[in-house]
Amino acid sequence: WTYVHLEGTPTEIGYQHGYLLASEILEMRKVVGLELTHDTKKSWAFFRDAARNMMWPRIELQYREELQGITAGVNARGVKLDLWDIVALNGLLEWGYYVREYDKQHKVLSASSSTWAEHCSAFVATGSYTRDGKAVIAHNNWTIIFDIAPSQGYRILMDGLPGFIASDDDFGLNSAGIMITETTITAFEGYDPGGIPEFVRARKAMQYSASIDDFASIMKEGNNGGYANDWLLADRKTNEIASLELGLKNVTLERKKDGYFVGANFPINPKLALEETKFDTKDVSNSANARHVRWDQLMAEYKGKIDVAAAQRFLADHYDTYQRKDDPNERTLCGHIDLSPRGLPSW
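The structure presented is a predicted model; accordingly, all values stated were derived computationally and were not measured.

### Here we look at the overall build of the protein chain
A count of helical and extended segments in the protein chain gives 11 helices and 13 strands. Radius of gyration (C-alpha) of the protein chain: 19 Å, near the 20 Å computed for a compact globule of 347 residues. Principal-axis analysis of the C-alpha atoms places the extent of the protein chain at approximately 55 × 45 × 35 Å. Across the 347 residues in the protein chain, those meeting the buried criterion constitute 57%. For the protein chain, long-range pairs separated by at least 24 residues make up 65% of all intrachain contacts whose partners lie at least 6 apart in sequence. About 14,500 Å² of surface is accessible on the protein chain, with carbon and sulfur atoms providing 51% of the total. Looking at charge distribution, the protein chain has the averaged site of its 38 positive side-chain charges lying 2 Å from that of its 48 negative ones.

In structure tokens:
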């Protein structure tokens, strides 16, 4: 892991971030630019313009200051990126949704495709399912660990990417005891350019939530449909857990004090699946469906024994429920899409 500690006002946090990770942010910009322009057939200038004209007016002051601070920090290290590069970078996981909506509105045959393979698996469990009755949460991750102590809100420990103000992967917990993760809803379509960018709401929810209700309220306010996820949550103070499936038209919050929720990129609400996705819920060979089956198997097998060590075993699991054998690939919880003979899943 690369561990990065940031603290202070939004401007100070941003400047520290940009200064400490300047070379990584530049590399991230190059990679993101290549992926986006290849997958959408839009230029980087297109995303810079959308960042400036569509996203920036809907970003509140504290996060504007943090983004400006990142820009100042990278510039101080001699890296020539400007504010619109940094904002466009933060919008990465929303651009696919935006481009499809943009092309639909402009009657353009969309070339946009997902650049993010289906390999995120997560769970949260509590009560009779865990060894000590307390909440356990886990997600497979591959990124930087940020330790952020802001001048306002709660201290955050989260995984993330260089130059990004939100986790995006997503995994984090704050000093109020709220634990947060998610998996993306596969084949989701829909975007409201007039809403608040998802990365702003996700960061704010992680920074200011003292309860599950706080998190749900912040994520739903100004919901733009970008980066539509099933958010898995836990409150360490009460050991209550929740699932917030956040589509654009359909939003569902479920809560439990005994039980579990699992995520593997599958939609949960049948109405959401029908109205807002192109996902085939009956295809048992599909990565998301196969991993869903495996999660339910493991939750039943380990009921009453789930702890951190068990969570680590789950996320290294190589069992493919479709083939009924160990074979690390895109259908297994380990996230080994690199070993799949079928290549990267797409929608």
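So much for the structure itself; the text now carries on.
### What about the sheet that holds strand S4 (residues 144–150)?
If you walk across this open sheet you meet the 8 strands as S1-S4-S5-S6-S7-S8-S9-S10, and the pairing is mixed. Either end of the sheet is taken by a strand with one partner, and the two such strands are strand S1 (3–8) and strand S10 (251–256). Mean inter-strand twist for the sheet, computed between neighbouring axes without regard to direction, equals 15°. In terms of strand pairing, strand S9 (residues 240–246) meets S10 through 6 bridges, oriented antiparallel. In the sheet register, Leu246 faces S10, and the bridge partner there is Val251. Here helix H1 (residues 10–20) sits on the sheet in contact with S1 and S4, set at roughly 155° to S1.

### Concerning the environment of Leu161
Looking at the secondary structure, you find Leu161 in the loop between strand S5 (156–160) and strand S6 (171–174). When the C-alpha atoms of Leu161 and Asp320 are compared, they prove to be 29 Å apart, with 159 residues separating the residues in sequence. Ignoring sequence-local partners within four residues, the contact set of Leu161 consists of His17, Met28, Thr143, Ile144, Phe146 and Ser167.

### Points about the nonpolar core
Formed by 68 residues in total, the largest nonpolar core has its most connected members in Ile59, Leu67, Val87, Trp95 and Trp231. Ranked by residue count, the leading element in this core is helix H3 (residues 44–55), at 7 residues. Ignoring any residue separated from it by four or fewer positions in sequence, one finds Trp95 in contact with Leu36, Phe47, Ala50, Ala51, Met54, Met55 and Ala88. Grouped together as the second largest cluster of nonpolar side chains are 22 residues, Ala187, Phe279, Ala288 and Trp295 included.

### Quick look at helix H10 (residues 287–301)
Its 15 residues give H10 an end-to-end C-alpha distance of 21 Å, which sits within 8% of 21 Å, the value for a rise of 1.5 Å per residue. Residues of H10 that are buried: Ser287, Ala288, Asn289, Ala290, Arg291, Arg294, Trp295, Leu298 and Met299. Where H10 is buried, its residues contact strand S2 (122–126), strand S11 (259–263), helix H11 (308–314) and strand S12 (319–320). A distance of 2.8 Å separates the backbone nitrogen of Ala288 from a side-chain oxygen at the start of H10, and that oxygen is part of Asn286.

### Structural notes on the side chain of Arg294
Locating Arg294 in the fold gives a position in helix H10. A residue is classified by how much of its surface remains accessible, and Arg294, at 13% relative accessible area, is buried. Contact partners of Arg294, with chain neighbours within four places excluded, come to Asp317, Tyr319, Thr321 and Leu333.

### Describing helix H8 (residues 212–220)
When H8 is considered as a whole, its buried residues turn out to be Ile212, Phe215, Ala216, Ile218 and Met219. Around the axis of H8, the buried residues are gathered within 165° of arc, so they sit on the same side. Buried residues in H8 make contact with strand S7 (178–184), helix H7 (198–208), strand S8 (229–235), S9 and S10. In the stretch just after H8, Gly222 is the one whose phi turns positive, near 75°.

### A word on the packing of aromatic side chains
Tallied over the entire structure, the rule returns 17 aromatic pairs. Ring geometry for Phe46 versus Tyr98: centroids 6.0 Å apart, planes at 40°, classification tilted. Separated by 52 residues along the polypeptide, Phe46 in helix H3 and Tyr98 in helix H6 (residues 92–105) bring together distant segments of the chain. Each member of the pair Phe46 and Tyr98 is classed as buried. Their ring planes at 55° and their centres at 5.3 Å tell us that Phe47 and Trp95 sit as a pair that is tilted. Here Phe47, found in helix H3, pairs with Trp95, found in helix H6; they are 48 residues apart in sequence, far enough to count as distant. The exposure classification of Phe47 matches that of Trp95, with both residues buried.

### Points about the sheet that holds strand S3 (residues 136–139)
The strand order across the open sheet formed by 3 strands is S3-S2-S11, and the pairing between neighbours is antiparallel. Here the strands that pair on one side only, and so sit at the sheet edges, are S3 and S11. Strand-to-strand twist across the sheet, computed as the mean angle between neighbouring axes with direction ignored, equals 5°. Relative to S3, S2 is paired through 4 bridges, and the arrangement is antiparallel. Bridged to Ala122 within S3 is His139. Along the sheet, H10 contacts S2 and S11; its crossing angle with S11, the most-contacted strand, is approximately 155°.

The rules behind each value
Within each chain, residues carry numbers counting from 1 in the order of the written sequence. It should be noted that, the model being predicted, local features are given only for residues of pLDDT at least 70 and side-chain atom pairs only at 80 or more, the latter also being counted only at that level, while totals for whole chains, interfaces and linings use all residues. Hydrogens and waters are ignored; side-chain quantities use all the structure's heavy atoms. Numbering goes from the N terminus for both helices and strands, where a helix is a DSSP run of H or I of at least four residues and a strand is a run of E of at least two. As defined in this context, the radius of gyration uses C-alpha atoms, and a globule is described by 2.2 Å times the residue total to the power 0.38. Think of it in three bands: residues with accessible area under 20% of the maximum for their type are buried, residues over 50% are exposed, and the middle band is partly exposed, with areas taken using a 1.4 Å probe on protein chains only. Contact between two residues is taken to exist if any of their heavy atoms lie within 4.5 Å; hydrogens are not considered. The Shrake-Rupley method, run with a 1.4 Å probe, gives the accessible areas here. Residue values count only the displayed protein chains as cover. The positive count covers Lys and Arg only, the negative count covers Asp and Glu only, and His and the chain ends enter neither. Lys charges are placed at NZ, Arg charges at CZ, Asp charges at CG and Glu charges at CD. DSSP bridges decide pairing: two strands pair if at least two such bridges lie between them. Lines fitted to C-alpha atoms define the axes here, with helix axes fitted over just the stretch in contact, and angles between the N-to-C directions of these axes take values from 0 to 180 degrees. We define the nonpolar core as a collection of buried residues of types Ala, Val, Leu, Ile, Met, Phe, Trp, Tyr and Cys that are connected through side-chain atoms lying within 4.5 Å of one another. The length a helix should cover is 1.5 Å for every residue beyond the first. Counting of polar contacts relies on pairs of N or O atoms within 3.5 Å, with two restrictions inside protein: one atom must be capable of donating a hydrogen and the other of accepting it, and residues adjacent in sequence are counted only when both atoms are side-chain atoms. What the arc covers is the set of directions going from the helix axis to the C-beta atoms. Only Phe, Tyr and Trp rings are paired, with Trp represented by its six-membered ring, and only when their centres lie within 6.5 Å; those with planes under 30 degrees apart are stacked, over 60 edge-to-face, the remainder tilted.

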